[in-house]
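# A structural walkthrough
Residue strings, one per chain:
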Amino acid sequence: EIKMLESATHPDPCDVYSHLAKIYLVRKQIDEVVFMLSEAKRILEHNEPHESVEFGDVCFRLMEVYTLLERYDEAYEVGTRAYECVRAIFGSLSKRSVQIAKQLAFVYVKCGRFEQAAALIEAVIVDERRLYGTRSSALAASYKLLGTALVALNDASGALRAYRAAHSIVASAHGAEHAKAQQLSERIEKLKEYLHILATTEQSADGAALSDPDDDADRFETVAAASAAFLDEAVSSRHRSVDSD
């Protein structure tokens with residue numbers, strides 16, 4: 001197939017590999033997709049400046065495939081290069097830059113880079129508000145992803161604000177009974193319960209003249225169990241559902 005394309009309508013080897021990657025993706029031959037895009041990336045690195053649109057596009061496509069394969073370290077590497085490349089060409093306030101930044105923030109979460117994820121998605125939210133307005137589905141998805149990152153950072157208050165913002169947009173667009181709105185409502189209620197547990201245990205500890213070791217152990221187990229539940233939520237975030245919700 002490569003020789004056929006090279007001798008026919010795609011004389012540029014990079015275009016050949018990129019075109020074949022699309023074909024193999026349709027066929028769900030993912031390993032072949034990775035190979036073709038990696039070859040296209042190698043050629044562009046050798047022949048083109050790294051700020052080219054083509055290089056950024058190939059790196060972004062590789063990031064998506066690596067994410068699909070749960071090869072997050074590799075997704076992080078090529079995703080970072082894609083974002084730097086596209087941002088250098090178009091600036092941060094462009095739809096393409098925002099799209100790549102959001103996917104990269106998701107990769108940060110999956111790599112356990114929660115502080116980087118939160119910082120990047122907060123910047124995405126600022127840009128999406130300017131690009132799409134304050135009630136877009138894209139913005140709702142970003143607030144949801146921010147909530148996930150903040151949960152992992154044990155910032156329950158910040159996560160609650162993010163999930164509430166996402167819920168407000170989704171409920172306004174689809175109604176409070178919509179599945180996505182219900183999912184967000186459940187997260188909001190869990191966070192409210194968790195914050196209540198924290199407040200109650202802190203008040204109990206502050207009000208005790210002499211702390212009972214058994215009571216302290218019970219309080220610790222209660223808070224630890226609630227915290228672990230939210231960390232599990234962050235780790236179990238689904239690929240692409242985060243930014244398609």
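## Topic: helix H2 (residues 13–26)
In this model, H2 (14 residues) spans 20 Å end to end at C-alpha, consistent with the 20 Å of a helix rising 1.5 Å per residue. Residues Cys14, Val16, Tyr17, Ser18, Leu20, Ala21 and Tyr24 constitute the buried set of H2. Positive backbone phi, approximately 65°, marks Lys28, located one or two places after H2.

## Observations regarding the confidence of the model for the protein
Note that predicted coordinates carrying low pLDDT should not be read in detail. When pLDDT is averaged along the protein, the result is 83, and 76% of the positions lie at 70 or above. When the criterion is pLDDT under 50, residues 237–245 qualifies, and its contacts beyond four places in sequence or with other chains add up to 28 contacts.

## Quick notes on the packing of helix H4 (residues 53–68) against helix H5 (residues 72–90)
With their axes 8 Å apart at the nearest point, H4 and H5 run at an angle of 150° to one another. Looking at the two axes, H4 sits roughly antiparallel to H5. In terms of crossing hand, the pair formed by H4 and H5 is left-handed. In this structure, H4 uses Val53, Phe55, Gly56, Cys59, Phe60, Leu62, Met63, Tyr66 and Thr67 to contact H5, whose residues at the interface are Tyr72, Glu74, Ala75, Val78, Gly79, Arg81, Ala82, Cys85, Val86, Ile89 and Phe90. Class assignment of the residues belonging to the contact of H4 with H5 gives a composition of 15 nonpolar, 3 polar and 2 charged.

## So, the packing of aromatic side chains
Per the stated rule, a full pass over the model turns up 1 aromatic pair. Between Tyr76 and Tyr108, the ring centres sit 5.6 Å apart and the planes meet at 50°, which makes this aromatic pair tilted. Taken together, the positions of Tyr76 in helix H5 and Tyr108 in helix H6 (residues 95–110) put the pair 32 residues apart, joining distant regions of the chain. Exposure remark for Tyr76: the relative accessible area of 21% places this residue in the partly exposed category. Judged by relative accessible area, Tyr108 falls into the buried class, the value being 8%. Over the ring of Tyr76 we find Arg113; its NZ or CZ atom is 3.9 Å from the centre of that ring.

## Notes on the nonpolar core
Met63, Ile100, Leu120, Leu146, Tyr163 and Leu191 are the most contacted members of the largest nonpolar core, which has 66 residues in total. What Leu146 contacts, discounting residues up to four positions off in sequence, is Ala118, Ile121, Glu122, Ile125 and Ala162.

## Focus: a nonpolar patch on the surface
A surface patch of nonpolar side chains, amounting to about 250 Å² of accessible area, comprises Val53, Ile89 and Phe90. Structurally, Val53 is set in helix H4. When its relative accessible area of 43% is taken as the criterion, Val53 is described as partly exposed.

## Section: the side chain of Ser52
Take Ser52: it is sitting in the loop between helix H3 (30–47) and H4. Judged by its relative accessible area of 9%, Ser52 falls in the buried class. Engagement of the side chain of Ser52 in a polar contact is seen with the backbone nitrogen of Phe55, the distance being 3.1 Å. Among residues more than four places away in sequence, those in contact with Ser52 are Cys85 and Ile89.

Quick notes on the rules
Residues numbered from 1 in each chain as written. Predicted model: local features only at pLDDT ≥ 70, side-chain atom pairs only at ≥ 80, totals over all residues. Heavy atoms only, no water. Helix = DSSP H or I, 4+ residues; strand = E, 2+ residues; numbered from the N terminus. Expected span 1.5 Å × (residues − 1). Buried < 20%, exposed > 50% of the residue type's maximum accessible area, 1.4 Å probe, protein only. pLDDT = per-residue confidence, 0-100. Contact = heavy atoms within 4.5 Å. Axes fitted to C-alpha atoms, helices over the stretch in contact; angles between N-to-C directions. Parallel < 35°, antiparallel > 145°, perpendicular 65-115°, else oblique. Left-handed = near helix turned anticlockwise from the far one by under 90°. Nonpolar A, V, L, I, M, F, W, Y, C, P; charged D, E, K, R; others polar. Phe/Tyr/Trp six-rings, centres within 6.5 Å; stacked < 30°, edge-to-face > 60°. Lys NZ or Arg CZ within 6 Å of the ring centre and 35° of its normal. Core = buried A, V, L, I, M, F, W, Y, C linked by side-chain atoms within 4.5 Å. Patch = residues over 30% accessible without salt bridge, like charges linked within 9 Å, V, L, I, M, F, W, Y side chains within 5 Å. Areas by Shrake-Rupley, 256 points an atom, 1.4 Å probe, with all protein chains shown as cover. Salt bridge = Lys/Arg side-chain N within 4 Å of Asp/Glu carboxyl O. Polar contact = N/O pair within 3.5 Å; in protein donor to acceptor, adjacent residues only side chain to side chain.

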